[in-house]
Every structure is written in structure tokens, then in C-alpha cells.
Amino acid sequence: MLKKALITGINGQDGSYLAEFLLEKNYEVWGTVKRNSVSENQTYRIEHIRNDLNLIYADMTDMSSLVYSIKKSNPDEIYNLAAQSHVRISFDQPIYTSFATAIGVLNLLESVRLIKPDTKIYQASSSEMFGNCIDPDGFQREGTRMLPVSPYGCSKVYAYNICHNYRNSYKLFICNGILFNHESPRRGLNFVTSKIVKGAVDIYYNKVNKLVLGNMNSSRDWGHAKDYIKAMWMIMQESKAEDYICATGISHTVKDLVDYVFNILNLNPDRYVISDEKFLRPEELDNLKGDASKLRNNLGWKPDFTFETLLDEMIEYWLEKEKS
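How each quantity is defined
- Residues numbered from 1 in each chain as written.
- Predicted model: local features only at pLDDT ≥ 70, side-chain atom pairs only at ≥ 80, totals over all residues.
- Heavy atoms only, no water.
- Helix = DSSP H or I, 4+ residues; strand = E, 2+ residues; numbered from the N terminus.
- Buried < 20%, exposed > 50% of the residue type's maximum accessible area, 1.4 Å probe, protein only.
- Contact = heavy atoms within 4.5 Å.
- Salt bridge = Lys/Arg side-chain N within 4 Å of Asp/Glu carboxyl O.
- Axes fitted to C-alpha atoms, helices over the stretch in contact; angles between N-to-C directions.
- Left-handed = near helix turned anticlockwise from the far one by under 90°.
- Nonpolar A, V, L, I, M, F, W, Y, C, P; charged D, E, K, R; others polar.
- Pairing = 2+ DSSP bridges.
- Right-handed = clockwise from strand over helix to strand, strands pointing away.

Structural notes on the side chain of Arg187
Then, in step 1: Here Arg187 is to be found in the loop between strand 7 (182-183) and helix 6 (192-204).
Then, in step 2: Its relative accessible area of 15% is what places Arg187 among the buried residues.
Then, in step 3: Once you skip the residues sitting within four places of it in the chain, Arg187 turns out to touch Gln13, Arg45, His182, Thr193 and Ser194.

This is the structure:
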């Protein structure tokens, strides 16, 4: 009998890769998509597999739509990837971010509790929950203190904690994957990795003559989304629900990223890259670097991509896409 999975936010970067992965494992895949007024590009990441998917309109702030989605799909596993996920925008839309990213998770958990409590739930938690709290050895891990520095991070901490509460109170299978930054050619252009790669490629093709960024010294632990969705699935196959860090354990600054991309394209970043305060956060997060020892040792996870091969793939994608 086929396993059934419901992916909220299936049309996002992670959702699209996860859908492909689960189809390869012979799952019946369902997914929720939030209705918006411009629907033409809404499902572009999953158009190539759309005939193999079962899509439902739903919104994390509308519990009735989540109830309908669960009744319709009758899932064995739910991967909650839906959120207002852009940290900088969460400062502009803190209330909406809180409803979608925090209360939305409560809506989902309550829906599962009432309708299908035997469903396994994966909650997409975030390294942003740690804020600037770092263990003495320079890493963040499952036990590191959480003191977020953005409305997005605060919302994720609430979601993380309400998952613990429902897991303990109602004996539901709910696991948190605390994922550090993960990118791919499918990353949205308002995220710094895609902004840098596409911007550099556009300079390479003489389409623009500058790239404007924010904090060049912020440091992140960047991995590939393909590696991280495998971790999600591995976490969900365990008999006991637990929380896991997923990270490469290696951090780079935004400047490192810029230098690598521009060097591959034989461009001098000093000629083209400028910093503008309008792209700074009201409260900055300086450094994220995760220790995924638990995930590696307990489940045998290891990434296939490095920082460099991730960026190589993104550069190749944008070179091909922008050459016309």
C-alpha cells in the first residue's frame, strides 16, 4: 500500500524537491498551495511533476482549509514547509509572519489532533531561532539557547515549542528539523544567494552594472536544499519523534559568497558590489554554524554538496537562463 504524504507549501524551494524525492520513493503526494491573485508562476517549481501531484488550496491562517486538506488527503506523513519565510520581510510584516509561521503551526497541530492523530508531522524549524546565541566552541546545536533577533525567528520558536507541547501532551509524532540555510537554483530572488548569483551573471552579460547588498560580514552555514530534504525524510522514518539539527558545520560570510561567484565569472567584485543600509535588518544576526552530529551519527545523514558545488550549480543555472 502506498504511503501518503501531505506537503504544506509544496510549491516552494524545499517543497518542490521533497515532492520529487517522495515520488521517487513511490509515495502518493499531496500538497497545499496558497491562493494568490497572480497564479501564473505560482507552481513553476513543480510544473514538471504536476500531473503526479494532488494539489489543494489552503492557508496556514485558515484552520478550516487545513482540516479539509487532511480529510481529503488522509496522510501518513505531513511535512509542514509553509510559512512567511523571509527574515527581512518579517520586520515589515511582523503580525502576518506571526499568524502564518507561528499560529499556523498551531492550526495544523490542532487539525491533526482532532482528525488524524496517528499522522507523523515534520515541522520545519530554523537556525534563526538561535539568534546570536552560540556555544563556546562556535557552533549551535540542539541544546543551544534560543534568543531570536527577528519576528520570523520569534515565530519559529513559538512553533518549535508548541510542537513539543503537543508531542508531550497528546503523544503525537512531531519532530522538528532545525535546518540551517539551504539554497539551490530554485531559491527565490529575494534571498541573498540567488540575488548575488543572478546579479553577478547579469553583470557578466552586461545587463546591469552594479549589485547592491546589505551586511557583507554576516556569516551563514549554507547547504543544498536537496541534501536537507533527504534529512527531513530520514527524521520522519524513525520510530520515535525527536529534534535534529541539519547543517554542514562550515560557515562563510556574504563577502566570501560574493568573491567566489565573481571569481568564477572572472569579474572583480570591487568594481560592481556596493552595500546599502536599507538592506540591513533592524537587529542583525552575525553568525550561524550548525553541529549536525546527532543527525550524522544517529541517522547516517551526510551532505552530497559543498558550499562550492552548490554555488557552481546555481551559477550554471543562471548563466543558461540569462544568456538570451
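Digging into the pattern of salt bridges
Then, in step 1: Following the criterion strictly, the structure yields 18 salt bridges and no others.
Then, in step 2: For Glu20, the salt bridge goes to Arg186, with nearest N and O atoms at 2.7 Å. Placement of Glu20 in helix 1 (residues 13-24) and of Arg186 in the loop between strand 7 and helix 6 is noted, with a sequence separation of 166 residues between them. Side by side, Glu20 and Arg186 carry an identical accessibility label, which is buried.
Then, in step 3: Where Glu183 meets Arg187, a salt bridge forms, and the shortest distance between an N and an O atom there is 2.7 Å. A single burial state applies to Glu183 and to Arg187, both of which are buried.
Then, in step 4: Members of the salt-bridge network, linked through shared partners, are Asp135, Asp137, Arg141 and Asp291.

Comments concerning the packing of helix 1 against helix 7 (residues 225-236)
Then, in step 1: Helix 7 packs onto helix 1 with a crossing angle of 60° between their chain directions and a minimal axis gap of 9 Å. Along this stretch, helix 1 crosses helix 7, giving a crossing that reads as right-handed. From helix 1, Gln13, Asp14, Tyr17, Leu18, Phe21 and Leu22 reach across to helix 7, where they touch Ala225, Lys226, Ile229, Lys230, Met232 and Trp233.
Then, in step 2: Here the contact of helix 1 with helix 7 is built from residues that sort into eight nonpolar, one polar and three charged.

As for unusual backbone geometry
Then, in step 1: A positive phi angle is found at Asn206, which is not glycine, with a value near 60°.
Then, in step 2: Structurally, Asn206 can be placed in the loop between helix 6 and strand 8 (211-213).
Then, in step 3: For Asn206, a relative accessible area of 71% corresponds to the exposed category.
Then, in step 4: For Asn266, which is not glycine, the phi dihedral falls at a positive 60°.
Then, in step 5: Tracing the sequence through the fold places Asn266 in the loop between helix 8 (254-264) and helix 9 (269-272).
Then, in step 6: The exposure class assigned to Asn266 is exposed, which follows from its relative accessible area of 72%.

Section: the pairing of strand 6 (residues 174-179)
Then, in step 1: Judged by how many residues are buried, strand 6 sits mostly within the fold: six of six residues are covered.
Then, in step 2: Going residue by residue along strand 6, you find Ile174, Asn176 and Ile178 tucked away on one face and Cys175, Gly177 and Leu179 tucked away on the opposite face as well.
Then, in step 3: Of the pairings in the sheet, the one linking strand 5 (residues 120-126) to strand 6 comprises six bridges and is parallel in character. Bridge pairing in strand 6 places Ile121 opposite Ile174.
Then, in step 4: Taken together, strand 5, helix 5 (residues 151-170) and strand 6 form a β-α-β motif whose crossover is right-handed.
Then, in step 5: Alignment of strand 6 against strand 11 (residues 244-246), held across three bridges, turns out to be parallel. Bridge pairing in strand 11 places Ile178 opposite Ile245.

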